[in-house]
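Commentary on secondary and tertiary structure
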Amino acid sequence: MDADWLVFHPNPKKPDLQLPKGAVDAHCHVFGPAAEFPFAPERKYTPCDAGKDKLFALRDYLGFERNVIVQATCHGTDNAALVDALKTSDGRARGIASVGPDITMDALREMDRAGVRGVRFNFVKRLVDDTPKEVFLEIAKKIKTLGWHIVVYFEAQDLEELEPFLKQLPTTIVVDHMGRPDVSKGVNHPDFQRFVRLLAENKNIWTKVTCPERLSVTGPPYDDVVDFGALIVDRFPDRVIWGTDWPHPNMKSHMPDDGVLVDHIARIAPTEAMRQKLLVDNPTRLYWG
Ligand code: 0GY
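Residues numbered from 1 in each chain as written. Predicted model: local features only at pLDDT ≥ 70, side-chain atom pairs only at ≥ 80, totals over all residues. Heavy atoms only, no water.

1. Section: the nonpolar core
We count it as follows: Residues belong to one nonpolar core when they are buried, are Ala, Val, Leu, Ile, Met, Phe, Trp, Tyr or Cys, and are joined through side-chain atoms within 4.5 Å. Think of it in three bands: with a 1.4 Å probe and only protein chains considered, a residue is buried below 20% of the maximum accessible area for its type, exposed above 50%, and partly exposed in between. Here a residue-residue contact requires only that any non-hydrogen atoms of the pair lie within 4.5 Å.
If you look at the biggest cluster of nonpolar residues, it comprises 84 residues, and the most contacted ones within it are Ile69, Phe121, Leu166, Ile232 and Trp242. Once residues lying within four places of it in the same chain are set aside, the contact partners of Ile232 are Met178, Phe192, Phe195, Val196, Leu199, Thr207, Val209, Pro237 and Val240. If you look at the next biggest cluster of nonpolar residues, it comprises twelve residues, including Val68, Ile96, Val151 and Leu286.

2. Some details on the layout of surface pockets
What counts here: Think of a 1 Å grid over the protein atoms and nothing else: a 1.4 Å probe that fits but is trapped marks a cavity, an open set flanked by protein within 12 Å on at least five of seven lines marks a pocket, and residues with an atom within 4 Å of a point count as lining. Grid points are joined across faces, edges and corners, and a volume is the space filled by probe spheres set on the points. Elements are defined by DSSP. Helices are runs of H or I of four residues or more, strands are runs of E of two residues or more, and each kind is numbered from the N terminus. Polar here means any residue outside two lists: the nonpolar Ala, Val, Leu, Ile, Met, Phe, Trp, Tyr, Cys and Pro, and the charged Asp, Glu, Lys and Arg; Gly therefore counts as polar.
By volume, the largest pocket is sized at about 440 Å³. Considering the residues around the largest pocket, the lining is formed by 21 residues, among which Thr77, Ser98, Val128, Asp129 and Thr131 are closest to the centre. Taken together, the elements giving at least two residues each to the lining of the largest pocket come down to β4 (116-122) and α4 (133-144). Of the residues that constitute the lining of the largest pocket, the class distribution is eight nonpolar, seven polar and six charged.

3. Topic: the environment of Arg120
Secondary-structure assignment places Arg120 in strand β4. Note: C-alpha distance between Arg120 and Ser98 (22 residues apart in sequence) is 5.6 Å. Discounting residues that sit within four places of it in the chain, Arg120 has contacts with His27, His29, Val70, Gln71, Ile96, Ala97, Ser98, Val151, Tyr153 and Asp176.

4. Some details on the site of the ligand
Just so we agree on the cut-off: Any residue with at least one heavy atom within 4 Å of a molecule or strand is counted as near it. N or O atoms closer than or at 3.5 Å make up a polar contact, with two conditions inside protein: a donor-capable atom paired with an acceptor-capable one, and, for residues adjacent in sequence, both atoms drawn from side chains. The method behind every accessible area is Shrake-Rupley, applied with a 1.4 Å probe, and residues are considered shielded solely by the protein chains displayed.
Taken together, 15 residues surround the ligand, and among them His29, Tyr45, Thr73, Tyr153 and Asp245 come closest. The contact in question runs from an oxygen atom of the ligand to an N or O atom on the side chain of His29, over 2.6 Å. In the model, an oxygen atom of the ligand is placed 2.8 Å from a nitrogen or oxygen of the Arg120 side chain. Protein chains bury 100% of the 350 Å² of accessible surface belonging to the ligand in isolation.

5. Focus on the pattern of salt bridges
Here is the rule: Each salt bridge in this description consists of a side-chain nitrogen of Lys or Arg and a carboxyl oxygen of Asp or Glu lying within 4 Å of one another.
Inspection of every chain in the model, using the stated rule, returns 22 salt bridges. Residue Arg120 is joined to Asp176 by a salt bridge in which the shortest nitrogen-to-oxygen separation is 2.8 Å. Of this pair, Arg120 sits in strand β4 while Asp176 is found in the loop between β6 (173-175) and α6 (190-201), placing the two residues 56 residues apart along the sequence. Looking at Arg120, the relative accessible area reads 8%, which means it is buried.

6. Description of the packing of aromatic side chains
Put simply, the test is: Any two rings among Phe, Tyr and Trp, with Trp reduced to its six-membered ring, count as a pair given centres within 6.5 Å; such a pair is stacked if its planes are under 30 degrees apart, edge-to-face if over 60, and tilted if neither. Ring-over charges, as used throughout, are those where CZ of Arg or NZ of Lys falls within 6 Å of the ring centre and within 35 degrees of the ring normal.
Considering all chains together, one arrives at twelve aromatic pairs under this definition. Arranged with centres 4.9 Å apart and planes meeting at 50°, the rings of Phe8 and Trp246 form a pair that is tilted. Here the residue Phe8 occupies a position in the segment before β1 (24-28), and Trp246 occupies one in the loop between β8 (240-241) and α9 (258-268), the gap between them amounting to 238 residues. Trp246 gets classed as buried once you look at its relative accessible area, which sits at 2%. Seen in terms of ring centroids, Phe192 and Phe228 are 4.8 Å apart; in terms of plane orientation they differ by 70°. Their pairing is edge-to-face. With Phe192 in helix α6 and Phe228 in helix α8 (residues 226-235), the pair connects residues that are 36 residues apart, well separated along the chain. For Phe192, a relative accessible area of 3% puts it in the buried group. Three or more aromatic residues link up through ring pairs in this structure, and these residues are Phe121, Phe123, Phe136 and Phe165. Of note, Lys14 hangs over the ring of Tyr61, and the distance from its end group to the ring centre comes to 4.2 Å.

Right, dumping it as structure tokens:
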């Protein structure tokens, strides 16, 4: 692994928050193990191993019942580790893959049978090389036929440029980590307000109210991120999902305690009704519907 790689927390706390029955950790990854599932040559980072057994053990420990595993860029478009995890999850995991424009319908159907329900389009420059928009549109056309959706990862300052493209996508869209706002600027900053407007005006766009640890400037317990998640959950309770982001790729400031992250949910979704939608009803509709 990279010399400055931070390994996931070895012994997270038990959350104080009791999760509702059927709760879904809707954003997490598997890395390798590299001996079985080698990392992609074009990767921008080399992580520690973080395989499905550790992920499923964490799921049970924290009180989740299900996972949505998102293909990480260190595995490129080789979805083998992801598909293996899905196939051995007893139907308790769904997946988001990364595919190239040459992917065949047969290959997509096979992934669908394993539990893949979407693809991820990544625009974060430190993670991937640039992909022409036409390539993404070609992929979108193919995956739409299976009823899949598209997860997009970008940073707040790039939304203005991306907005026309997002409006062209023909499926449900899920935006990672609230569009990665600069939380030091506050919820009223035009960049975050642009994101709120995007959700308000496009009923096919959902978001993950995830990654306080990644967005925070002040660090745990992530007080400076609460207003962002709380605003989104309050305004769009039927189009939000939540995940741990385990094993937390590319964290540099600190490695979060996953139990602390779960407890953060109560601060952005303060009522049981909100948490039922965020953790159970919404991800079930999107991934197990
Ligand atoms: C995340 C965030 C990151 C990485 C990836 O696929 C990935 O490599 O998603 C990141 O470095 O910000 O969602 O896990």
